[in-house]
Amino acid sequence: MRRSIFTRSGDGGYEVTTRATPRLRAVLANREFRALWFAETQSMLGDQLTIVALAILIFDRTGSPLLSAVVYSLTFLPALAGGLGLSQLADRFPRRAVLVTGSLAQAVLIGLMAVPGMPMGWLFVLFVFARLANAPGNAAQNALGREIFTDDDVYLQSQDLRGITNNTAMLAGLAAGGLLVTGIGTSWALAIDAATFLVAAVAVRLAVLRRPAAGDGGAPWFGAVRQVFGDERLRVLLYLSWLVGLAVIPEGLAAPLAAQLGVGEAAVGWLLAADPLGFVVGTFLLSRFVSTEHRRRLLGVLAALPLAALAAFALQPNLAFALILLALAGATGAYVITVSATFITWVPNDIRGSAGGLYRTGLRVAQGVGVGIGGLVAQWAGSANTTIALAGAVGLLLAVPVALSWRRVGGGEPESPPS
């Protein structure tokens, strides 16, 4: 199959060429992407050790489940603040430098946390600053991915690969993290995470090309917010991503759902793993069998499918059926990679860092609010099954106008190629 794409011509303009639709090997053939991919994956594995180590360390010192939960919440809250503010550094400075600096800062901060006997208050402070340092680096990495791959198909497949490996790394890290931390101790676990950031900084510095800053530094600090919300197509892409906030509600209800199903605490891990496992499978199937153009056209329909799977909880499923429904919700939820890739593609290069920060912040807020509302409704209704089914039904009602809007505005390519 062949398709037309834009490529840069010698005079800095664009010309239309054709080439065979790329496959995964075209992604892995790129040295810069391999470095970014390796750096991100091994850092994410290390991050899971830190999350587990801190939870164990805080609980051992205080015996407080609340403080252990606060540690987990700290993995999200600084990212929200940094996503809107600090991510703009990825547009004002060279992105490779931002990514390397952010990795080195996290290596130092997590390394200080590994010092035996570090007071608990300082552990919280250092962890918050480490999460803040992650925001501009994450924004730089996402923007660099679009700069590295100018072909839409190759870029989308690179994001598919990131989605698969990130979810797999999270599952592997959390599954083995408890055993590893117990075996080597919390200080060594934190030291390993600090080392992963040093490795990431070296890999990026050696393999990623230096590019000048995308912006001129004169743009308003939150100017990207106005630009994004001033473009109807980008707004609809944000709405499509926010629907995930309802799709993640079962994650916050895994324990009460297991109790309602009468299967005990052992099944909580299965219920939590079903969605990310389904996501990995769904991402692979979309990447392997559905073209970029078709994925974009079908975004409205794909966004409704996870919610339809959740609505089926109204049938009061047993454990096996519930796991199938959650895996289906995860598999169809892989549409969000296409949403994210399309959003980054259609945003001008000089605001991709800050616009990407806005996108990720909105997604995290939607997920956090969704889980919170799910907990409140479950407390009121007294049933996890009913709450999940309601989330699916409400989500379907919201998905219809969003899907219709996408059908109206999202069928074509941008008016001009991304800069």
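Residues numbered from 1 in each chain as written. Predicted model: local features only at pLDDT ≥ 70, side-chain atom pairs only at ≥ 80, totals over all residues. Heavy atoms only, no water.

## Observations concerning the overall build of the chain
Move 1: Within the chain one finds 21 helices and 2 strands.
Move 2: Every one of the 419 residues in the chain was classed for burial, and the buried ones make up 52%.
Move 3: Summarising the internal contacts of the chain: among those between residues at least 6 apart in sequence, 82% fall at separations of at least 24. (Helix = DSSP H or I, 4+ residues; strand = E, 2+ residues; numbered from the N terminus. Buried < 20%, exposed > 50% of the residue type's maximum accessible area, 1.4 Å probe, protein only. Contact = heavy atoms within 4.5 Å.)

## Here we look at empty space enclosed by the protein
Move 1: All told, the structure shown has 6 cavities of 30 Å³ or more when counted by the stated rule.
Move 2: Of the volumes computed, that of the largest cavity is approximately 60 Å³.
Move 3: What lines the largest cavity is Ala247, Pro250, Glu251, Ala254, Leu271, Leu272, Asp275 and Leu326.
Move 4: Elements that contribute at least two residues to the lining of the largest cavity include exactly helix 13 (249-252) and helix 15 (268-289).
Move 5: Here the element with the most residues in the lining of the largest cavity is helix 15; it accounts for 3 residues.
Move 6: There is about 50 Å³ of room inside the second largest cavity. (1 Å grid on protein atoms, 1.4 Å probe; cavity = no way out; pocket = protein on both sides within 12 Å on 5 of 7 lines; lining within 4 Å. Points joined across faces, edges and corners; volume = space filled by probe spheres on them.)

## Things to note about the packing of aromatic side chains
Move 1: Enumeration over the complete set of coordinates arrives at 5 aromatic pairs.
Move 2: Judged by centre distance (6.1 Å) and plane angle (10 degrees), the rings of phenylalanine 33 and tryptophan 37 are stacked. Pair noted here: phenylalanine 33 and tryptophan 37 are both in helix 2 (residues 31-62), with a separation of 4 residues, about one helical turn.
Move 3: Of the residues examined, tryptophan 37 reaches a relative accessible area of 24% and is grouped as partly exposed. (Phe/Tyr/Trp six-rings, centres within 6.5 Å; stacked < 30°, edge-to-face > 60°.)

## Section: the pattern of salt bridges
Move 1: Counted under the stated rule, the structure contains 9 salt bridges.
Move 2: For arginine 131, the salt bridge identified is with aspartate 47, shortest N-O distance 3.6 Å. One end of the pair, arginine 131, is in helix 7 (residues 120-148); the other, aspartate 47, is in helix 2, and 84 residues separate them in sequence. Residue arginine 131 shares its accessibility class with aspartate 47, and that shared class is buried.
Move 3: As a salt-bridge pair, arginine 408 and glutamate 232 come within 2.7 Å of each other at their nearest N and O atoms. Of this pair, arginine 408 sits in helix 21 (residues 384-409) while glutamate 232 is found in helix 11 (residues 232-242), placing the two residues 176 residues apart along the sequence.
Move 4: Each of Asp91, Arg95 and Glu147 takes part in one network of salt bridges that share partners. (Salt bridge = Lys/Arg side-chain N within 4 Å of Asp/Glu carboxyl O.)

## A short note on the packing of helix 11 against helix 21
Move 1: Where helix 11 meets helix 21, the closest approach of the two axes is 10 Å, and the angle between their N-to-C directions is 145 degrees. Helix 11 and helix 21 meet at a crossing whose hand is left-handed. Contact with helix 11, carried on its side by Glu232, Arg233, Val236, Leu237, Tyr239 and Leu240, involves Val402, Ser405, Trp406, Arg408 and Val409 of helix 21 and no other residues of that element.
Move 2: Of the residues that constitute the contact of helix 11 with helix 21, the class distribution is 7 nonpolar, 1 polar and 3 charged. (Axes fitted to C-alpha atoms, helices over the stretch in contact; angles between N-to-C directions. Left-handed = near helix turned anticlockwise from the far one by under 90°. Nonpolar A, V, L, I, M, F, W, Y, C, P; charged D, E, K, R; others polar.)

## Remarks on the nonpolar core
Move 1: Among the nonpolar cores identified, the biggest contains 85 residues, and Leu237, Leu240, Phe313, Tyr335 and Phe343 are the most heavily contacted of them.
Move 2: With residues up to four places along the chain from it excluded, the contact list for phenylalanine 343 reads Val228, Leu234, Leu237, Leu238, Ala355, Gly356 and Tyr359. (Core = buried A, V, L, I, M, F, W, Y, C linked by side-chain atoms within 4.5 Å.)

## Focus on unusual backbone geometry
Move 1: The backbone phi angle of glutamine 316 is positive, close to 55 degrees, even though this residue is not glycine.
Move 2: Here glutamine 316 shows up in the loop between helix 17 (299-311) and helix 18 (319-332).
Move 3: The class of glutamine 316 is partly exposed, set by a relative accessible area of 45%.

## Observations regarding the side chain of arginine 211
Move 1: On the secondary structure map, arginine 211 appears in the loop between helix 9 (186-207) and helix 10 (223-229).
Move 2: Each residue touching arginine 211, except ones within four places of it in the same chain, is listed here: Glu32, Pro94, Leu144, Glu147 and Ile148.

## Here we look at a nonpolar patch on the surface
Move 1: Taken together, Leu180, Ile184, Trp188 and Ile192 make up a surface patch of nonpolar side chains, about 370 Å² in accessible area.
Move 2: For the nonpolar patch, the secondary structure elements donating two or more residues are helix 8 (152-184) and helix 9. (Patch = residues over 30% accessible without salt bridge, like charges linked within 9 Å, V, L, I, M, F, W, Y side chains within 5 Å. Areas by Shrake-Rupley, 256 points an atom, 1.4 Å probe, with all protein chains shown as cover.)

## Examining the confidence of the model for the chain
A low pLDDT score tells you not to read the predicted coordinates there in detail.
Move 1: In this model, the chain carries an average pLDDT of 83, and 85% of its residues clear a pLDDT of 70 or more.
Move 2: Confidence drops under a pLDDT of 50 for residues 1-22, and excluding neighbours within four residues, the segment shows 47 contacts in the predicted structure.
Move 3: Taken as a whole, residues 414-419 scores under 50 in pLDDT and shows 13 contacts with residues more than four places along the chain or in a different chain. (pLDDT = per-residue confidence, 0-100.)

## A short note on helix 17
Move 1: With 13 residues, helix 17 extends 19 Å between its outermost C-alpha atoms, agreeing within 8% with the 18 Å of an ideal straight helix rising 1.5 Å per residue.
Move 2: Within helix 17 the residues assigned to the buried category are Leu299, Gly300, Leu302, Ala303, Ala304, Pro306, Leu307, Ala309 and Leu310. (Expected span 1.5 Å × (residues − 1).)

## Regarding the packing of helix 15 against helix 18
Move 1: Where helix 15 meets helix 18, the closest approach of the two axes is 6 Å, and the angle between their N-to-C directions is 40 degrees. If you check the angle between helix 15 and helix 18, you find them oblique. Crossing angle aside, the handedness with which helix 15 passes helix 18 is right-handed. Contact with helix 15, carried on its side by Trp270, Leu271, Ala274, Asp275, Gly278, Phe279 and Gly282, involves Leu319, Leu323, Leu326, Ala327, Ala329, Gly330 and Ala331 of helix 18 and no other residues of that element.
Move 2: Along the lines of polarity and charge, the residues of the contact of helix 15 with helix 18 split into 10 nonpolar, 3 polar and 1 charged. (Parallel < 35°, antiparallel > 145°, perpendicular 65-115°, else oblique.)

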